[in-house]
Amino acid sequence: MDQGDGNSKISSVYINNTHGMDDDDFYDRNLALFEEEMDTRPKVSSLLNRLANYTNLTQGAKEHEEAESIGEKKKSPQMGTFMGVYLPCLQNIFGVILFLRLTWVVGSAGVLQGLCIVFICCCCTMLTAISMSAIATNGVVPAGGAYFMISRSLGPEFGGAVGLCFYLGTTFAGAMYILGAIEILLMYIAPKAAIFESKHPEGEGAAMLNNMRVYGSICLLLMSLLVFVGVKYVNKLASIFLACVIVSIVSIYVGALVSAFRPPRFPVCMLGNRTISGHEIDDNHCGKTIMVQNQELTTYLWKRFCQGTELNASCDEYFNSNNFSKIEAIPGLASGIISENLWSAYLSKGDVVEKGSLHSSLVSHPASTHQPYVFADITTSFTLLVGIFFPSVTGIMAGSNRSGDLKDAQRSIPIGTILAILTTSIVYLSSVVLFGACIDGVVLRDKFGDSVKGNLVVGTLAWPTPWVIVIGSFFSTCGAGLQSLTGAPRLLQAIAKDNIIPFLRVFGHGKANGEPTWAMLLTALIAELGILIASLDLVAPILTMFFLMCYLFVNLACALQTLLRSPNWRPRFSYYHWTLSFLGMTICLALMFISSWYYAIVAMVIASMIYKYIEYHGAEKEWGDGIRGLSLSAARYALLRLEEGPPHTKNWRPQVLVLLKLDEDAHVKSPRLLTFASQLKAGKGLTIVGTVVSGNFLQSYGEALAAEQTLKHLMDKERVKGFYQCIVAQKPREGISHMIQSSGLGGMKPNTVVMGWPHAWRQSEDPQAWKTFINTVRVTTAAHLALLVPKNISLFPSNSEPCTEGYIDVWWIVHDGGMLMLLPFLLRQHKVWRKCGMRIFTVAQMEDNSIQMKKDLATFLYHLRIEAEVEVVEMTINSDISAYTYERTLMMEQRSQMLRQMRLSKSDREREAQLVKDRNSISEHHRRVQMTWTKEKTSQYRATHSGCSTPEGFRDMLSIRPDHSNVRRMHTAVKLNEVIVNKSHDARLVLLNMPGPPKNTDGDENYMEFLEVLTEGLERVLLVRGGGSEVITIYS
């Protein structure tokens, strides 16, 4: 029976065909039951073959399918956690603020409030990273990072708004880094390079801003050209810039330790308690007069405070009342200076930087800007410092932005990002304490290091020389600027390519190699706006707003998904909770208004305008986002939204239509069906409970109302939230067909039908029960609905009988949309099945590599985030069909022939049933006999038993020959049943692919027999038919 004659599949499936010869084994004999639908429901082995590159898997994300259909062979991503996530995050987080502003923040706010500022900002990013890790590990995140995650979680409107906020934040970050680099260049490396100089102290600030604008614009132009020429150069330089950052930070720590026993010499000149600018002491004498050859001469400082160089010249009153003294800028770690620096010392613009512990006369005497004091350039406050410091904790998305290059993004992103945040938080917190413990307060509050002759304040602490920090910080800020100018255009290109904001379409185009040319131009223009602001302290709060908006929405996305409990929400990263996300969201919102309430309002208005614009004019996108899931529970507005298109794979959840049968007394025959449906509804969604009342609607209206009340009471008893429906029809099968067609409203239509198995159908006098069952199977298939048929429903556990142990076994024979994977996951959300393990069995044929299949299946489940044991069962294929199979087929055909052709009376039919029963006992005996039918025996049997297709009597009928196609199907059923019973006899529940009914209705009874054989000996079985669409995806 191995080889056939090459005929195509026969049309009269499951019934006796007139082909005398063997049919071809076009499909595996072991899967003959499923052969009619192999084109729409492929074998599991052929599905798993496509897992070599798992992104090719059938899933809902059309974007990826389109991207891969180009057919380019991309080299497989190889970056690990350390190189791919940890180091990029470190490089992006450490930046210009650490070197240029952290000392000033500590000096102004004091150590305690400084720690508070750093801690709040680090908490914000840590909570956001936890939410981001949950989203990033909920499926495969293609390259696109934060924008991809938010848009696919919250929908195109939120995605576009947040994407643009993130883009603007990154662009302004580029401007801030460039301004930082220019500040280092003009203040500490080459002060002589300044183009604009002011002759009056009042004009110095304006001249400096103009210098920043000119040099910043030149620097931006050069950096943009470098990025435009090629990203590979930027990536090559990245490691050098990172090394600069690390060397600089290490030199600060070493310097702090060295200062404990050998503090560096940086004297600061004080007049009373007021700090004198080191730039003004031209002759290096911090005093009023000096003795030269026994002659008392006035110093350069005398000239600045008095109207002449003579000793009797008229001088400033404060100058006369106080003396000059020298203090050390770096008293050292062991000096106890931290006690002075614990508390805040906020200054207003134009205030002199003073040391409170020094004695001073005429404290209230006003200082003139013409005098050589160190003045505060802006008014400081706790809220302002939060806004200025926050950009130094941003950069946590660097790892997720590279998700396309990571070997295992789901593992690397959470570990790398959280470790990077912990590292940077420890560095920042320890730096606050070290700065407070080593450096004098007046020097800390001196933003530009005027008191220490224009040295970078952090540099004074560094070991062995301040130049380590100056050069290191210059290169690190340049590197960070390049990274921002590289990342921002790509982000804009990604948003433009998604085609959700029509006016941005032009920015989706680029050079032939994909470099975003137009996006680069726009980024450079926006960055130029930031550079024209020219002040680091004014640009920092702007990008703080945009980043906080972005982080707020990441937390919102995670919280929403967790609360909605969408079946697709099962992140591999499990250390998250919706309360943490809400806390992160609250901190983000609070920080926005704390740092600058008017900037916060502007950022929100911009985001709202983009949101509304996309809502009204943007392209329609269906990305399986959480907002779509939320819409299911809203009323008219939500229903109208749901009408817009079929749900995305990620939003698929069983919207169940439960078909219940009522007896003569209007009681439900199988109430456990509803119990089972309620256990399945841990995934939420829609439940409609329906029944059909036979009769005429005009006469049976009261009966229908009574039936609806019965359903309502049962639903209340089982605590099922949903709707009930009763249809009156002449024939039950017509009523069921009408109900399947008309149930639901708009987007709230059922996609899954649950119906009971017609038990005792063999003994039933009326064949309508099983004919209605098969008709319903056909109707659900035609309507593209999934079908669940629990067999032995009375043995299923009630809601008060939780299973304490055991397994839910899934027999995945053909792939029909992933229902078999999703159902156990949903059932295990319910307390009844929660403690059950999950085992997945799949069948390997002779040509399949079962070891590879097992490996592929394990990979598939890993990406689905489903925990299960995997086993591949090899079905031994031989050319022999057992005698039991042959006998069973013969018995089945004889019975259906009898019922069809002999139109027996009731008594005759009972006698016939007894004969069949006797026959059945014979077959049970044969089951133990190892007799097989070989090719020769079959042809011999057929030769001796030919010509009796029309039986004249009962004895003739017993000798009819079984049809070969039926033998093959019975062989599948028997073989599969043996394997399933062997492996799953002790399972709490067995889930199994349900074969489709025959195309020719004459074989219906045979079909019922096949299903009986397939499930024989199993306590609880759930037969599953997919609705023809994918219900599960590996993508985020």
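For the structure itself, consult the block above.
Remember, it's a predicted structure, so these values are computed and weren't measured experimentally.

Draft legend 1. Up close: the packing of aromatic side chains. Applying the stated criterion across every chain yields a total of 26 aromatic pairs. Summarising the aromatic geometry, the rings of Phe573 and Tyr575 are spaced 5.8 Å apart at their centres and angled 75 degrees between planes, so their arrangement reads as edge-to-face. Ring geometry for Phe697 versus Tyr701: centroids 5.7 Å apart, planes at 75 degrees, classification edge-to-face. Remark: Tyr701 and Phe697 occur in helix H26 (residues 697-718); sequence separation between them is four residues, near one turn of the helix. Each member of the aromatic cluster is reached from another via a ring pair, and the members are Trp302, Phe305, Phe319, Phe324, Tyr373 and Phe375. The ring of Phe825 has Arg570 lying over it, and the distance from NZ or CZ to the ring centre is 5.0 Å. Between Arg839 and the ring centre of Tyr807, over which it is positioned, the NZ or CZ distance is 4.2 Å.

Draft legend 2. Fine view of unusual backbone geometry. Here the amide bond leading from Trp463 into Pro464 is cis, since omega sits at 5 degrees, within 30 degrees of zero. As for its position among the elements, Pro464 is in the loop between helix H17 (457-461) and helix H18 (466-498). The backbone phi angle of Ala534 is positive, close to 75 degrees, even though this residue is not glycine. Turning to its location among the elements, Ala534 is positioned in the loop between helix H19 (517-533) and helix H20 (536-564). A relative accessible area of 1% means that Ala534 is categorised as buried. For Arg865, which is not glycine, the phi torsion reads 60 degrees and is therefore positive.

Draft legend 3. View of the pattern of salt bridges. Per the counting criterion, the structure on display carries 13 salt bridges. The salt bridge involving Glu183 is made with Arg101; its shortest N-O contact spans 3.0 Å. Here Glu183 is found in helix H7 (residues 156-189), whereas its partner Arg101 is found in the loop between helix H4 (96-100) and helix H5 (102-136), with 82 residues between them in sequence. You'll find Glu183 and Arg101 in the same group, each marked buried. Taken together, the shared-partner salt bridges in this structure form one network comprising Arg101, Glu183, Asp377, Lys447 and Asp537.

Each value, and the rule that gives it
Residues numbered from 1 in each chain as written. Predicted model: local features only at pLDDT ≥ 70, side-chain atom pairs only at ≥ 80, totals over all residues. Heavy atoms only, no water. Phe/Tyr/Trp six-rings, centres within 6.5 Å; stacked < 30°, edge-to-face > 60°. Helix = DSSP H or I, 4+ residues; strand = E, 2+ residues; numbered from the N terminus. Lys NZ or Arg CZ within 6 Å of the ring centre and 35° of its normal. Buried < 20%, exposed > 50% of the residue type's maximum accessible area, 1.4 Å probe, protein only. Salt bridge = Lys/Arg side-chain N within 4 Å of Asp/Glu carboxyl O.

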